Amino acid sequence: DAGITQSPRHKVTETGTPVTLRCHQTENHRYMYWYRQDPGHGLRLIHYSYGVKDTDKGEVSDGYSVSRSKTEDFLLTLESATSSQTSVYFCAISDRDSYNEQFFGPGTRLTVL
Amino acid sequence: GESVGLHLPTLSVQEGDNSIINCAYSNSASDYFIWYKQESGKGPQFIIDIRSNMDKRQGQRVTVLLNKTVKHLSLQIAATQPGDSAVYFCAEDENYGQNFVFGPGTRLSVLP
């Protein structure tokens, strides 16, 4: 998985609780991304980062926030989890501005009860 | 926003046959396309990519074809093997690597 780890790999939580997912890379890539994957929707971009402290919203950013204080770490936070946020979350990285594939982590399966 | 779609949600092929997975895209401004393979319980894995100034690109047992006239992308897998069984996604890049749009995926099943 191109030097990308995600933690935790599985989490079950209750509605209304805060949740933070972590993505860690050892590739020193500039760009990092958070996606969610749901049946029938494919991968949808939540947020992405183009450098330390530089982040931007993706297609489905409502209810999520991110932070990147170090090149290697990109955190995704659900401030108050809802059942609609039950999904599999993938982190991805890439190292160039254009024409460059994204490498994906192993994913985190989150269940919100 | 514009989206990428797939003609067939499932595809079953005999081991040893060639597989063709299709993808339609709608954003004529997209200039970079990727095919990913995703096995159960794993993250997507890069297979092959192609830029819009090309119409064909070959890798090991895989070929991607791009027809910009009809906005169609295909992935050809030669001599399909059991290990090729997975979900395959196409993705288009609308913004120089900043905005990949993924299709819902096609499940490829290789029959013995």
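What you see is a predicted model, and the numbers here were worked out from it, not measured in a lab.

> Summarise the confidence of the model for chain B; cite the residues concerned and give the values.
For chain B, the mean per-residue pLDDT works out to 88, and 89% of the residues sit at or above 70. Here residues 1–8 of chain B is modelled with pLDDT under 50, and outside its nearest four sequence neighbours on either side it reaches 35 contacts, counting other chains as well.

> With reference to specific residues and values, describe the layout of surface pockets.
Taken as a whole, the largest pocket spans an internal volume of roughly 630 Å³. Looking at the lining of the largest pocket, the elements with two or more residues in it are strand 4 (31–38), strand 9 (87–94) and strand 11 (108–112) of chain A together with strand 9 (86–93) and strand 11 (106–111) of chain B. Class assignment for the residues of the lining of the largest pocket results in nine nonpolar, 13 polar and six charged.

> Got a sec to walk through unusual backbone geometry? Specific residues and values, please.
In this model, Ser7 of chain A is joined to Pro8 of chain A through a cis peptide bond whose omega is -10 degrees. Within the secondary structure, Pro8 of chain A is located in the loop between strand 1 (4–7) and strand 2 (10–13). Phi at Asn28 of chain A is positive, roughly 60 degrees, even though this residue is not glycine. Counting through the fold element by element, Asn28 of chain A comes out in the loop between strand 3 (19–25) and strand 4. Residue Ala79 of chain B is not a glycine yet carries a positive backbone phi of 45 degrees. Relative to the assigned elements, Ala79 of chain B resides in the loop between strand 8 (72–77) and strand 9. Of the residues examined, Ala79 of chain B reaches a relative accessible area of 37% and is grouped as partly exposed.

> Describe the packing of aromatic side chains, listing the residues and the values that go with them.
For the structure shown, the criterion picks out 13 aromatic pairs over all chains. With a centroid separation of 6.3 Å and 45 degrees between ring planes, the pair formed by Phe100 of chain B and Phe102 of chain B is classed as tilted. Here a set of aromatic residues connected by ring pairs shows up, and it is made of Tyr33, Tyr35, Tyr48, Tyr50 and Phe104 of chain A together with Tyr32, Tyr36, Phe46, Phe100 and Phe102 of chain B.

> Tell me about the pattern of salt bridges, and please be specific about residues and values.
Counted by the stated rule, this structure contains seven salt bridges over all chains. Lys70 of chain A serves as the salt-bridge partner of Asp73 of chain A, at 3.3 Å between the closest nitrogen and oxygen. In this structure Asp73 of chain A comes out as buried when scored by relative accessible area, which is 8%. Lys42 of chain B is the salt-bridge partner of Glu39 of chain B, the closest N and O atoms lying 3.9 Å from each other. Members of the salt-bridge network, linked through shared partners, are Arg22, Lys70 and Asp73 of chain A.

> A description of the pairing of strand 3 of chain A should follow, citing residues and the corresponding values.
All names here are of chain A. Judged by which residues are buried, strand 3 turns out to be one-sided: Val19, Leu21, Cys23 and Gln25 face inward and are buried, whereas Thr20, Arg22 and His24, on the alternate face, are not. With four bridges connecting them, strand 1 and strand 3 associate as antiparallel partners. Residue pairing in the sheet places Ile4 in a bridge with Gln25 of strand 3.

> Please provide a residue-by-residue account of the side chain of Ser94 of chain A, values included.
Tracing the chain through its elements places Ser94 of chain A in strand 9. Polar contacts involving the side chain of Ser94 of chain A include one to the side chain of Tyr33 of chain A, which spans 3.1 Å.

> So what's going on with the interface of chain A and chain B? Which residues, and what values?
Buried accessible area, meaning the area lost when the parts come together, often serves as the stated size of an interface. Taken together, the contact between chain A and chain B spans 20 residues of the former and 20 residues of the latter. Summed over the shared surface of chain A and chain B, the number is zero salt bridges. Taken together, the links from chain A to chain B amount to three residue pairs in polar contact (both at pLDDT 80 or more). Taken together, the residues of the side of chain A that touches chain B break down into ten nonpolar, seven polar and three charged.

Criteria and cut-off values
- Residues numbered from 1 in each chain as written.
- Chains lettered and ligands numbered in written order.
- Predicted model: local features only at pLDDT ≥ 70, side-chain atom pairs only at ≥ 80, totals over all residues.
- Heavy atoms only, no water.
- pLDDT = per-residue confidence, 0-100.
- Contact = heavy atoms within 4.5 Å.
- 1 Å grid on protein atoms, 1.4 Å probe; cavity = no way out; pocket = protein on both sides within 12 Å on 5 of 7 lines; lining within 4 Å.
- Points joined across faces, edges and corners; volume = space filled by probe spheres on them.
- Helix = DSSP H or I, 4+ residues; strand = E, 2+ residues; numbered from the N terminus.
- Nonpolar A, V, L, I, M, F, W, Y, C, P; charged D, E, K, R; others polar.
- Buried < 20%, exposed > 50% of the residue type's maximum accessible area, 1.4 Å probe, protein only.
- Phe/Tyr/Trp six-rings, centres within 6.5 Å; stacked < 30°, edge-to-face > 60°.
- Salt bridge = Lys/Arg side-chain N within 4 Å of Asp/Glu carboxyl O.
- Pairing = 2+ DSSP bridges.
- Polar contact = N/O pair within 3.5 Å; in protein donor to acceptor, adjacent residues only side chain to side chain.

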